[in-house]
Amino acid sequence: MNFNEFLNLKEDKFKYYMTTQKIPYDSVGPKYLTDGALLNLLEEKDYRPSLIGNLVPNQYNMWMGFSGEKGSSTGLHFDYHDNIYVLVKGKKKFTISCPVNVQELKVNGDVKVVHKNGLIALNSDCQSDGHFSDDSESENEDSRSFQFGQNFNDEMFNLTPKELKKKLNQIQQKINNLKEQINKNPENIEDLKFQLGEAEQNEEELLDIELGLTLKGEQIIDDFDENEDENLKADVDEDDEQEEPLQEDPDNFVISKLQKVNYHRLCSVFEVIVNEGQMLYLPASWYHQVNSYGEFHFAFNYWMHPPNNDKFEQPYKTQYWENRYKQVKLNTDKRKNELNKNTHN
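Keep in mind the model is a prediction, meaning the values are calculated, not measured.

A.B. asks: Teacher, can you tell me more about the overall build of the protein chain here?
C.D. replies: When you go through the protein chain residue by residue, the secondary structure sums to seven helices and nine strands. Across the protein chain, every contact between residues at least 6 apart in sequence was considered, and the portion connecting residues at least 24 apart equals 80%. Accessible surface, the protein chain as shown: approximately 19300 Å² in total, 47% of it carbon and sulfur.

Structure, rendered in structure tokens:
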């Protein structure tokens, strides 16, 4: 089905949803930033808008579909890139959860690594900025402390607020002691740095869980009246009646339906309503389920390679993606010229 046929659907239109556009891939990723109708709309200045700062774009997409009375849902999943989602038409509800819930939110794929920047990797060669390499020196020295299952454990999710506070104080004291030892004992500095990396990761997990206890049961909603659209209150039974997907979900999709997830074991779960003209920023690997409402909904998004450096001016530790972008830009320009020629002919 081409784009014009999709726009002119009259029968069974609620069965169709236009998702990520098919772009030719090479061994690294998409060869163009986008293709088809969206590429025709882009000018060269739009390839790297000021909105994304110094991040390197990976792919741009249009999202379009028709929703019935109950709305439509993407299913709970995570993406491998930072995401700016811009809603043009309709209404969207995002149910969002942070990567610290990786053990509870099992996906179809096999999680190998959770990097320090939150990127969930299903391949052990995936680096924290998303590129693949078997060069162990391409990652920083403490990347091994984030192997899946080494730091995430069930015990942390079952702590009471009082127990959590006590454990947090203990780990912070351990961090201070390790820093003192590093300054006093240069002979064992590598081992001490590794221990410090593990302790700081545990501290981050505990802080995330502490935040989750604060947010649990609350909704972050912007400019939304619950009585405005009863469709947003569809209960679990109605959602369970929706048709099962005809094909198996990708590896980055959660196995369990969102309604069957044990919320009491999760931290930092909240809902955001995005209305027309609004946008939402999602870091890489943040779980999200998108429910669409309104007979017709239309959005587009920017996917950027996840930053792995703490400097705004230089968000990546290497020039890998900047060098890659030069070729992608050339390919995109060439493809755009081809589309323009076909249009004029």
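A.B. asks: Help me understand the environment of Asp79, please; the structure alone is not making it clear to me.
C.D. replies: Of note, Asp79 is situated in the loop between strand S3 (72–73) and strand S4 (82–97). According to the relative accessible area criterion, Asp79 is buried, its value standing at 11%. In contact with Asp79, not counting residues within four places along its chain, are Asn252, Ala284, Ser285, His288 and Trp303. A distance of 3.2 Å separates a polar atom in the side chain of Asp79 from a polar atom in the side chain of His288.

A.B. asks: I keep staring at the packing of aromatic side chains and nothing clicks. Help me out?
C.D. replies: Where two aromatic rings form a pair, the distance of their centres and the angle of their planes describe that pair. Applying the stated criterion to the full structure yields seven aromatic pairs. When the centroid spacing of 4.9 Å and the interplanar angle of 80° are considered together, the rings of Tyr60 and Tyr302 count as edge-to-face. Residue Tyr60 is found in strand S2 (residues 57–66), and its partner Tyr302 is found in strand S9 (residues 287–304); the two are separated by 242 residues along the sequence. Note on Tyr60: relative accessible area 3%, which makes it buried. Taking 5.7 Å as the distance between ring centres and 85° as the angle between the ring planes, the aromatic pair formed by Phe78 and Tyr287 counts as edge-to-face.

A.B. asks: Could you clarify how one ought to interpret helix H4 (residues 161–184) in this entry?
C.D. replies: One turn of an α-helix holds 3.6 residues; hence residues three or four places apart share an orientation. Relative to the 34 Å expected for 24 residues at 1.5 Å per residue, H4 spans 35 Å between its end C-alpha atoms, a close match to the ideal helical length. Restricting attention to buried positions, one finds in H4 the residues Leu164, Leu168, Ile171, Ile175, Leu178 and Ile182.

A.B. asks: Got a minute to help me understand unusual backbone geometry in this structure?
C.D. replies: Even without a glycine there, the phi angle at Ser285 is positive, about 70°. Considering the arrangement of structural elements, one finds Ser285 in the loop between strand S8 (279–282) and S9.

A.B. asks: Would you take a moment to explain the environment of Leu207 for this structure?
C.D. replies: As for its placement among the helices and strands, Leu207 is situated in helix H5 (residues 189–215). For the pair Leu207 and Leu164, spaced 43 residues apart in sequence, the C-alpha to C-alpha distance is 9.1 Å.

A.B. asks: In this structure, what is going on with the pairing of S2? I would like to understand it.
C.D. replies: The buried count for S2 comes to 10 of 10 residues, which makes it a mostly enclosed element. Note that S2 and S9 share nine bridges and pair antiparallel. In the sheet register, Gly65 faces S9, and the bridge partner there is His297.

A.B. asks: Honestly, the nonpolar core in this entry has me stumped. Any pointers?
C.D. replies: What tends to happen in soluble globular proteins is that the nonpolar side chains get buried as a cluster. Grouped together as the largest cluster of nonpolar side chains are 21 residues, with contacts concentrated most on Leu33, Tyr47, Tyr60, Ile84, Tyr302 and Met304. Looking at this core, the elements that each hand over two or more residues are helix H2 (36–41), S2, S4, S9 and helix H7 (320–344). At four residues, the largest contribution of residues to this core is made by H7. Non-local contacts of Met304, meaning those with residues more than four positions away in its chain, are made with Ile52, Leu55, Val56, Pro57, Asn58, His81, Asp82, Asn83, Ile84 and Tyr281. Counting 13 residues, the second-largest nonpolar core is a separate cluster that includes Trp63, Tyr85, Phe94 and Ala299.

A.B. asks: Can you help me understand the pattern of salt bridges in this one?
C.D. replies: Taken as a whole and judged by the stated rule, the model has nine salt bridges. Across the salt bridge formed by Asp26 and Arg324, the nearest N and O atoms sit 2.8 Å from each other. Taken together, the positions of Asp26 in the loop between strand S1 (17–18) and H2 and Arg324 in helix H7 put the pair 298 residues apart, joining distant regions of the chain. Judged by its relative accessible area of 14%, Arg324 is buried.

A.B. asks: Quick question: what am I supposed to make of the side chain of Asp35 here?
C.D. replies: In this structure, Asp35 sits in the loop between S1 and H2. Judged by its relative accessible area of 12%, Asp35 falls in the buried class. Within polar-contact distance, the side chain of Asp35 engages the side chain of Arg335 at 2.8 Å. In this structure Asp35 touches Lys22, Ile23, Pro24, Arg335 and Leu339, once residues within four positions along its chain are discounted.

Definitions and cut-offs
- Residues numbered from 1 in each chain as written.
- Predicted model: local features only at pLDDT ≥ 70, side-chain atom pairs only at ≥ 80, totals over all residues.
- Heavy atoms only, no water.
- Helix = DSSP H or I, 4+ residues; strand = E, 2+ residues; numbered from the N terminus.
- Contact = heavy atoms within 4.5 Å.
- Areas by Shrake-Rupley, 256 points an atom, 1.4 Å probe, with all protein chains shown as cover.
- Buried < 20%, exposed > 50% of the residue type's maximum accessible area, 1.4 Å probe, protein only.
- Polar contact = N/O pair within 3.5 Å; in protein donor to acceptor, adjacent residues only side chain to side chain.
- Phe/Tyr/Trp six-rings, centres within 6.5 Å; stacked < 30°, edge-to-face > 60°.
- Expected span 1.5 Å × (residues − 1).
- Pairing = 2+ DSSP bridges.
- Core = buried A, V, L, I, M, F, W, Y, C linked by side-chain atoms within 4.5 Å.
- Salt bridge = Lys/Arg side-chain N within 4 Å of Asp/Glu carboxyl O.

By themselves, these observations are geometric and do not establish any function.
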